[in-house]
Amino acid sequence: MYPIFLHIGKFTIRTYGVIVALAVIAGILVAMHYSNKLKVTDEDTFLSVAIWTIIGGILGARIFWILVSPNLAFYLHNPQHILAIWEGGMSFEGAVFGGLLTLALVLKAYKISFWNFLDIVAPGVAIGYGVGKFACFFNGCCYGLPAPKWWPHVFPLVNVFTNPQSECEMLNTPLLPAQLMDSLAGWISFVFILVYFNKHKRKYSGEMFVKFVYVFTPLLFAVEFARYIPTRFLHLTPNQWSAIALFVFAFVSEQILKRKYPLNTEEKGEESG
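Reading the values: rules and limits
- Residues take numbers from 1 onward in each chain, read along the sequence in its written order.
- Per-residue local features of the predicted model are confined to residues with pLDDT of at least 70, and side-chain atom pairs are confined, for both listing and counting, to 80 or more; whole-chain, interface and lining totals are unaffected and use all residues.
- Heavy atoms throughout the structure, all of them, feed into the side-chain values; hydrogens and water do not.
- Going along the chain from the N terminus, every DSSP run of H or I of four or more residues is numbered as a helix, and every run of E of two or more is numbered as a strand.
- All radius of gyration figures rest on C-alpha atoms, and the globule criterion is 2.2 Å times the number of residues raised to 0.38.
- Here's how the labels work: a residue is buried when its accessible area is under 20% of the maximum for its type, exposed when over 50%, partly exposed in between, all with a 1.4 Å probe on protein chains only.
- Aromatic pairs are defined between Phe, Tyr and Trp rings, using the six-membered ring for Trp, whenever the two ring centres lie within 6.5 Å; interplanar angles under 30 degrees are classed as stacked, those over 60 as edge-to-face, and all others as tilted.
- Any two cysteine sulfur atoms within 2.5 Å of one another count as a disulfide.
- Nonpolar core, defined: a set of buried Ala, Val, Leu, Ile, Met, Phe, Trp, Tyr and Cys residues in which side-chain atoms within 4.5 Å join the residues together.
- Contacts: residue pairs with any heavy atoms within 4.5 Å of one another.
- We call two N or O atoms a polar contact when they sit within 3.5 Å, provided that within protein one can donate a hydrogen and the other can accept it, with sequence-adjacent residues counted only if both atoms are side-chain atoms.
- In this description, a line fitted to the C-alpha atoms serves as the axis of each element, helices being fitted only across the stretch in contact, and the angle between N-to-C directions of two axes falls anywhere from 0 to 180 degrees.
- With respect to orientation, any angle under 35 degrees is reported as roughly parallel, any angle over 145 as roughly antiparallel, any angle of 65 to 115 as roughly perpendicular, and every other angle as oblique.
- By definition, any crossing whose near helix is turned counterclockwise from its far helix by less than a right angle is left-handed, and any crossing with a clockwise turn is right-handed.
- All residues other than Ala, Val, Leu, Ile, Met, Phe, Trp, Tyr, Cys, Pro, Asp, Glu, Lys and Arg, Gly among them, are scored as polar; the first ten of these are nonpolar and the last four charged.
- Residues forming no salt bridge and having over 30% relative accessible area are the ones grouped into patches, like charges within 9 Å of each other and nonpolar side chains (Val, Leu, Ile, Met, Phe, Trp, Tyr) within 5 Å.
- The Shrake-Rupley method, run with a 1.4 Å probe, gives the accessible areas here. Residue values count only the displayed protein chains as cover.
- The salt bridge definition used is simple: a Lys or Arg side-chain nitrogen within 4 Å of an Asp or Glu carboxyl oxygen.

Asker: Tell me about the overall build of the protein chain, and name the residues and values.
Answerer: Helix and strand counts for the protein chain come out as nine helices and two strands. Start at the N end of the protein chain and walk to the C end: the helices and strands fall as β-β-α-α-α-α-α-α-α-α-α. In terms of C-alpha radius of gyration, the protein chain reaches 19 Å, essentially the compact-globule figure of 19 Å for 273 residues. For the protein chain, the spread of C-alpha atoms along the three principal axes comes to 60 × 45 × 30 Å. Scored against the burial criterion, the 273 residues of the protein chain give a buried share of 49%.

See below:
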C-alpha cells in the first residue's frame, strides 16, 4: 500500500512507525481514562508504569515476530536489523508476554494491584491493536494467503500490494485481508468491553482482562487461518498456540480471582459513580 509516510531529504519516515505511535497514544489515553474511573493509581504513576510496559512489550513483540518469521535466517545473519522496528514486523502475542512480564515486575516495585492494572490495560490494548494493525496494512507485513478463486476479489475483501518498498513478498497478488481482519478483532474486543462494562460492574479484580481475552483470542485464532505463516507446529501457527495459552491462562485466573479478589458493594458503587 503506502509504506513510506514522508521523505525529508535523505530521511524517511515509514507509515508503520507513525501508525504504531498513534496506536500507543490511543491505548495510553484509554487506559488512563479507566485508571481514573476505577481509581487504580494516579496519572504520574500510571505513565511511569506504562512507559516501562510499552518498552517491554515492544521488545517482546519484535523478538517473538523474528522467531516465527520466515526471514529468521536473515535476522540471524544481519543482527543490526533485529531492533529496527520501523521496518515493520511485530507480534501482538510477543507484546502481551513481554508486556505482562515487565508489568508484573514494575507493579511489584510500585506496590500496585496487578489484576486491577490489567483491567485498565485491557481496553487500551484492544483499541491499540485495532489501530496498530493498520500499520501492518500500509506496510505490507503480516499479509494474508492468496485469495481463492471463489472469494470476492474486491477491496476490502482482498488486498493487492504493488509497491516494491512494502514488506509483502507476494506483489500484484490478490491476498486475503488478514491485517484488516486483525484490526477488526481489536475493534470488536474494544466495543465489547465498552458496552459490557457500561452495563455491568466488575465482580472481581481482573474481570475486564479476562473478558477481553475471552473475546479477542478466538477472533485472533480464526484470523490466523487467513495469514501467510509458513512456520507451524501441529498445523497451528505460533500465534494460535499463544492464543490458546492466553485463553487457558485467563480461564484458570478467573476461577482463582472470583474467590480471592471479589469486589464488594462499595467498590462497585465507586465504579458506577
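From this point, the discussion proceeds with the structure in view.
Asker: Account for the packing of aromatic side chains, naming residues and giving values.
Answerer: Enumeration according to the criterion identifies 16 aromatic pairs in this entry. Seen in terms of ring centroids, Phe-209 and Phe-249 are 6.4 Å apart; in terms of plane orientation they differ by 75°. Their pairing is edge-to-face. One end of the pair, Phe-209, is in helix 7 (residues 207-223); the other, Phe-249, is in helix 8 (residues 238-260), with 40 residues separating them in the sequence. Residue Phe-249 is classed as partly exposed on the basis of its relative accessible area of 34%.

Asker: I'd like a description of the state of the cysteines, backed by residues and values.
Answerer: Tallied over the full model, the rule gives zero disulfides. The thiol sulfur of Cys-141 is not disulfide-bonded, and the nearest other cysteine sulfur, from Cys-136, lies at 3.8 Å. In this structure Cys-141 comes out as buried when scored by relative accessible area, which is 3%.

Asker: Before we move on, could you go through the nonpolar core and cite the residues and values that matter?
Answerer: Ranked by internal contacts, the top residues of the largest apolar core, which has 54 residues, are Tyr-16, Phe-46, Val-49, Phe-117, Ile-120, Phe-209 and Phe-212. Elements that contribute at least two residues to this core include exactly helix 1 (15-38), helix 2 (43-68), helix 4 (92-110), helix 5 (114-139), helix 6 (178-199), helix 7 and helix 8. Ranked by residue count, the leading element in this core is helix 5, at 11 residues. Excluding anything up to four places from it in sequence, Val-49 contacts Leu-103, Val-106, Leu-107, Tyr-110, Ile-112 and Phe-117. Tyr-143, Cys-168, Met-170 and Leu-175 belong to the second largest nonpolar core, which has five residues in total.

Asker: Can you break down the side chain of Arg-202 residue by residue, with the values?
Answerer: Along the chain, Arg-202 turns up in the loop between helix 6 and helix 7. A relative accessible area of 4% means that Arg-202 is categorised as buried. At a separation of 3.1 Å, a polar atom in the side chain of Arg-202 contacts the side chain of Asn-116.

Asker: Hey, could you go over the packing of helix 7 against helix 8 for me, with residue numbers and the actual values?
Answerer: Relative orientation and spacing of two packed helices are given, respectively, by the angle between their axes and the distance between those axes. The interhelical angle for the contact between helix 7 and helix 8, taken along N-to-C directions, is 160°, at an axis separation of 9 Å. Classified by the angle their axes make, helix 7 and helix 8 are roughly antiparallel. The element helix 7 and its partner helix 8 pack so that their crossing is left-handed. Residues Phe-209, Val-210, Lys-211, Val-213, Tyr-214, Thr-217, Pro-218, Leu-220 and Phe-221 of helix 7 lie in contact with helix 8, whose contacting residues are Gln-240, Ala-243, Ile-244, Leu-246, Phe-247, Phe-249, Ala-250, Phe-251, Glu-254 and Leu-257. For the contact of helix 7 with helix 8, a count of residues per class yields 15 nonpolar, two polar and two charged.

Asker: Describe in detail a nonpolar patch on the surface, supporting the description with residues and values.
Answerer: Together, Phe-233, Leu-234, Trp-241, Ile-244, Phe-247, Val-248, Phe-251, Val-252 and Ile-256 give the surface a local cluster of nonpolar side chains, amounting to about 840 Å² of exposed area. A relative accessible area of 72% means that Leu-234 is categorised as exposed.

Asker: How would you explain the side chain of Thr-41 if you had to name every residue and give the values?
Answerer: Note that Thr-41 resides in the loop between helix 1 and helix 2. In contact with Thr-41, not counting residues within four places along its chain, are Ser-35, Phe-46, Ile-112 and Phe-117.

Asker: Go over the pattern of salt bridges, please, and point to the residues and values.
Answerer: Working definition: two side chains of opposite charge can pair if their charged atoms are close together. Inspection of the entire model under this criterion finds four salt bridges. As a salt-bridge pair, Arg-202 and Asp-119 come within 2.5 Å of each other at their nearest N and O atoms. With a gap of 83 residues between them, Arg-202 in the loop between helix 6 and helix 7 and Asp-119 in helix 5 connect regions that are remote in the sequence. A single burial state applies to Arg-202 and to Asp-119, both of which are buried. Among the ionic pairs, Lys-211 bridges to Glu-207, the shortest N-O distance being 3.1 Å. Of this pair, Lys-211 and Glu-207 both sit in helix 7, four residues apart, which is roughly one turn of the helix. Under the relative-accessibility criterion, Lys-211 is labelled buried at 15%. For Glu-207, a relative accessible area of 2% translates into the label buried.

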